Amino acid sequence: MNKPKETSLHLTAFLSMILILFTTGFAQEAHAETDETTLNILHTNDIHAAFDDFGKVSAYITEVRETSEHFLYMDAGDFASGNPVVDLNYGKPMIDVFNLAGIDAFTIGNHEFDYGQDYLQENMESSEFPWLGANMSTGSSEVTEPDPYVILDANGLSVGVLGITQAPPATAPGNTVGMEFDADYVSTALEYQDELEEQADVIVALTHIGHGPDQRLAEEVEYFDVIIGGHSHTTLSEPAVVNGTPIVQAGSSLDNVGELELTYNAGTDEVTSVSGGLQPVSALEDVDEDVQAVIDGYNEEMDELLGEVIGYSTTGLSRDGRYNGDAPLGNFWTDAMRDFGEADVAFTNNGGIRDSIPAGDVTLNEIYQIEPFANEIMLIEMTGEAIADVLDYSYSRNNRNQIDLQVSGMEYEIVTGMTGSLQEVKLTQDGEALDPDGLYTVAVADYIGTGGSGYNFEGTVVSETIGLMTEAMTQYAQKLTEEGKDLDYTSENRIQVTVDPSGPLPGETIGSTETGLYSANKHAHDVGLGNLYTDSIRAKTESDIAILNGSSITGQIPPGPITDEQIESLDSFGNTIVQVETTGERLRDVILEQANYHNGVDVQASGITYTLIPHEGSGGFSEAEILLENGEPLDPETSYTVSYNDYMHGNSFYHLGDATGDELGPVWQSVVDYVQTQEEPINYSNGSRITIDGQEVDPDPTGRISVAEAIANNSGSATVSGYIVGSINNNQPVLGEGSHAPSNLLLADSPEETDRENMLPIQLVNNTPVRNGLNLVQHPENLGEHVAITGSLETYFSTPGIRSPTAYEFIDDSEEPDEACVHGAWSSSEVYVGGDRVKHEGQTFEAKWWTQGENPNDSSRWDVWKLAEDCLDEEEGDSYPTWSSSDIYVAGDRVEHEGHSFEAKWWTQGDDPNDSGQWDVWKQIEE
């Protein structure tokens, strides 16, 4: 009787338990869903006073704020410098619109210091938002200390924002006197980790240090949920994820507003997802009328002042070309400085020239646009030698190898070796050499005059400031206008960069190449330099595949020795290696997308080969057929380890995935390491890895073109190979021997050419290595020589020609030398032992015994070097050095003496070959 009842009770209890468990589980699942919170962040950076469209940006901020439950707006610095309306009001217009838009956090950028400490303090006091800078201290200055971080309440969600600014900030050093900046961004971030994790649900790094440093920060610091960056003006269309940390940046000049959406789970206390993109400001339509009224008010207030016409230019004043020589705007600018200060010489740096001035009326507004930094002019008395030191530094600093200083009152020529490394600076004034001991008054921008960018203008400061740069240019423009002159400037050859192909290679020899390694045809197929670079980083990382974009592979390594500094000089960007895991499909997409964007090959590779398939009947490519090294097709679904550089990793159009490895060092160092491990010369066959279907591989790896090609397509820069057949003197061609002009050459595809229409005239600019080495007046022996000349393809002598050549090299049409005669160049720092061979001044020498520092052409009393007889030219093979009584000879050495050839049987010194003592150490060679 009781059994059924007991069973019923057990069943009821079991069903009740199931119901409880089910409802409890459902409740827990529902609770987990409600724990998910979405945080929306809008962000800007590097606005640079471009506030005219901020009315639209403010309206968009308001719209997103009103539709988001949890919202913040942040800016990553550099609101200042770039618009005279803002800059002449020392940044106040931007503070006003930021306040109206309700900005939540702001990190100090380097240009916020540009207005000086008084205005920096005023702007901080006027702000209704926190200024952040965890790695800076205002020290003994009177500027308020910024907050290292701020904890923001986003409608119940706590968000910690840590600010990090550039250290030291790129501004005039006088603007930061008394302040201190810590360049160890990682240590700064780790210092505040515990505080932020204790107080915040979500943690943001709001930085103004640049995309590269942001990536390195993400590699070392793991507690940030996102890094919002600035300073490098990088446009990231989606977050770049490094070591699990998303990094974003929105370009510059208010082109975009960055959008972020973070999902925070309160149950696990972690951000579970981050997504982001960019909203182009040009696509926004709604306008915040209150903000726009402020903008319009400032613009109207400044219109009358900035609209004043101060001159007219028919040519325009362009800054283009300033990194390769003197630019029209650079010439006007420095002329104005020199006139303003009544100086002998004037310099300004390229980084301060922010825009060009178009042809037409020149207004005050344009003067302030090209110089937004309120830089002042210093006067310094300097020696010619001190000026030369400054120009040496300006070109070679940080291995940039490019022009940085525009000049007035003198000229300078940068002479480089084949790798672009500085060899010499030549200074002239009105064509005469500058006196190294002479004293010159130099007008210079105070940014560099006080140590900005590492400059040291050594001399006596005559005046710390004589006025604003903008004032100097305004007054000079008005002066020229009053004299009835237009503001017309061109490039005037005040600055020249020339190449001395005979210059020594810098650094230590680490290997050699017989074929040369070039980048010239990289848009058509794989090239030697690309193969070397990708093989090197693949070997360094032991990856399946390595790739590099075309712009990362530029330059040439001519046949001969390879040095470490030669490799380093080819990498002006200093890119580092990044290793990732990616799918075959993503790798294929990057290769194909970039080929279409660049209209040719962009990605050089190791570990794969590929062929680009052109679209039928239209431009671009429809497919990239990719094979692995073993010949199997690349599998779209398979994961591969791939190495590339940090530039590619940081840009969405190249980005392949999360970084997997540790710090892997610079790309160039991996190339040096790789070359040092190679026992044989490094030679590559171009076009063996990458081709475009239907296109032939260029057989010349140097990318040289023929004279006929240069005549048919006479534009751009190129290297043209041909034979020197004559020159033009008094507008008449002079072929073969005759009265040649020193100022030009005629180049043809055949040394026997006589038709002027098939000849390319080459300008030989005075006082350049190209003219000094090639002109037929000083070097009549060059007639008929085969040469390659690099220069600008443009009309010369009213026909297609080359102007302003920068480099040349003679082409050896003879057969390749015996391998026994291919050696690295002699180095004074190397230790050599008996049997070692070297190249020196066109000859092959062999060491007789241990030696260091002894020139093969003058190897001291011990005569430790001898010419390698088997490497002498054929016509030289039957003649030998003249015997000298002071030289030491060993067995096998041969000499000429009194019309006969002799060979030493053993060691000898002072024994006349015709009467070689009782030991008869010389024997005559039979004719």
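Here the structure is a predicted model, which means the values were calculated and not measured. (Residues numbered from 1 in each chain as written. Predicted model: local features only at pLDDT ≥ 70, side-chain atom pairs only at ≥ 80, totals over all residues. Heavy atoms only, no water.)

Q: Account for the overall build of the protein chain, naming residues and giving values.
A: Scanning the protein chain for helices and strands turns up 21 helices and 52 strands. Seen through its C-alpha atoms, the protein chain measures out along the principal axes to roughly 135 × 100 × 60 Å. When the 927 residues of the protein chain are sorted by exposure, 51% land in the buried category. Within the protein chain, contacts between residues at least 6 apart in sequence are counted, and of these 67% link residues at least 24 apart. For the protein chain, the exposed surface amounts to about 41400 Å²; the carbon and sulfur share of it is 45%. (Helix = DSSP H or I, 4+ residues; strand = E, 2+ residues; numbered from the N terminus. Buried < 20%, exposed > 50% of the residue type's maximum accessible area, 1.4 Å probe, protein only. Contact = heavy atoms within 4.5 Å. Areas by Shrake-Rupley, 256 points an atom, 1.4 Å probe, with all protein chains shown as cover.)

Q: Residue-level account of the pairing of strand β42 (residues 799-810), with values.
A: In the sheet, strand β41 (residues 786-796) pairs with β42 via nine bridges, with the strands oriented antiparallel. The partner of Thr 795 across the bridge, within β42, is Pro 800. Between β41 and the antiparallel strand that follows it, β42, lie two residues; Phe 797 among them carries a positive phi value of about 55 degrees. (Pairing = 2+ DSSP bridges.)

Q: Lay out the pattern of salt bridges with the relevant residues and their values.
A: A complete count under the given rule lists 14 salt bridges for this structure. Linking Arg 803 and Glu 794 is a salt bridge whose minimum nitrogen-to-oxygen distance equals 4.0 Å. When its relative accessible area of 27% is taken as the criterion, Arg 803 is described as partly exposed. Through salt bridges with shared partners, a single network forms among Asp 335, Glu 492 and Arg 494. (Salt bridge = Lys/Arg side-chain N within 4 Å of Asp/Glu carboxyl O.)

Q: Go over a negative patch on the surface, please, and point to the residues and values.
A: Together, Asp 52, Asp 53, Glu 289, Asp 290, Asp 296, Glu 300 and Asp 303 make up a negatively charged patch on the protein surface. When you line up the elements, Asp 53 lands in the loop between β1 (36-44) and α2 (54-67). Look at Asp 53 and you get partly exposed, because its relative accessible area is 36%. (Patch = residues over 30% accessible without salt bridge, like charges linked within 9 Å, V, L, I, M, F, W, Y side chains within 5 Å. Lys, Arg positive; Asp, Glu negative; His and termini not counted. Charge placed at Lys NZ, Arg CZ, Asp CG, Glu CD.)

Q: I'd like a description of the packing of aromatic side chains, backed by residues and values.
A: Within this structure, the stated rule accounts for 23 aromatic pairs. For the pair Phe 332 and Tyr 476, a centre-to-centre distance of 5.9 Å together with 45 degrees between the ring planes defines the contact as tilted. Within this pair, whereas Phe 332 is found in helix α10 (residues 328-341), its partner Tyr 476 is found in helix α14 (residues 469-482), the two being separated by 144 residues in sequence. The burial state of Phe 332 is the same as that of Tyr 476; both residues are buried. Taking 5.9 Å as the distance between ring centres and 70 degrees as the angle between the ring planes, the aromatic pair formed by Phe 332 and Tyr 489 counts as edge-to-face. (Phe/Tyr/Trp six-rings, centres within 6.5 Å; stacked < 30°, edge-to-face > 60°.)

Q: With reference to specific residues and values, describe the sheet that holds strand β7 (residues 157-165).
A: Pairing within the open sheet is mixed, and its six strands lie in the order β6-β7-β9-β10-β12-β11. Edge positions in the open sheet fall to β6 (149-154) and β11 (240-242), since each of these has one partner strand only. Neighbouring strand axes in the sheet, compared pairwise and without regard to direction, differ in orientation by 25 degrees on average. Bridge analysis of strand β10 (residues 226-228) against strand β12 (residues 245-248) gives two bridges, and the strand direction is parallel. (Axes fitted to C-alpha atoms, helices over the stretch in contact; angles between N-to-C directions.)

Q: Go over the confidence of the model for the protein chain with me, naming the residues and quoting the values.
A: When pLDDT is averaged along the protein chain, the result is 87, and 92% of the positions lie at 70 or above. Within the model, pLDDT remains below 50 along residues 1-32, and this stretch shows one contact once partners closer than five positions in the same chain are excluded. Here residues 874-878 scores under 50 on pLDDT; set against residues more than four positions off or in separate chains, the count is three contacts. (pLDDT = per-residue confidence, 0-100.)

Q: With reference to specific residues and values, describe the environment of Leu 39.
A: Here Leu 39 is to be found in strand β1. Classification of Leu 39 by relative accessible area gives buried; the value is 0%. Sequence separation of Leu 39 and Ala 154 is 115 residues, and the distance between their C-alpha atoms is 8.0 Å.

Q: Before we move on, can you summarise the pairing of strand β45 (residues 843-847) with the specific residues and values?
A: Burial runs high along β45: four of the five residues are buried. Bridging between strand β44 (residues 837-840) and β45 involves four bridges; their strand directions are antiparallel. Paired with His 840 across the bridge in β45 is Gln 843. Hairpin remark: β44 followed by β45, antiparallel, with two residues in the connecting loop; positive phi at Glu 841, about 50 degrees. Relative to strand β47 (residues 865-867), β45 runs antiparallel, the two sharing three bridges. Residue pairing across strands places Glu 846 opposite Lys 866, the latter belonging to β47.

Q: Hey, could you go over empty space enclosed by the protein for me, with residue numbers and the actual values?
A: Under the defined criterion, the tally for this structure stands at three cavities of 30 Å³ or more. Estimated volume of the largest cavity: approximately 180 Å³. Forming the walls of the largest cavity are 16 residues, and the residues nearest its centre are Glu 219, Thr 576, Ile 577, Val 578 and Glu 663. Every element with two or more residues in the lining of the largest cavity is listed here: α8 (211-220), β31 (577-583) and α18 (646-649). (1 Å grid on protein atoms, 1.4 Å probe; cavity = no way out; pocket = protein on both sides within 12 Å on 5 of 7 lines; lining within 4 Å. Points joined across faces, edges and corners; volume = space filled by probe spheres on them.)

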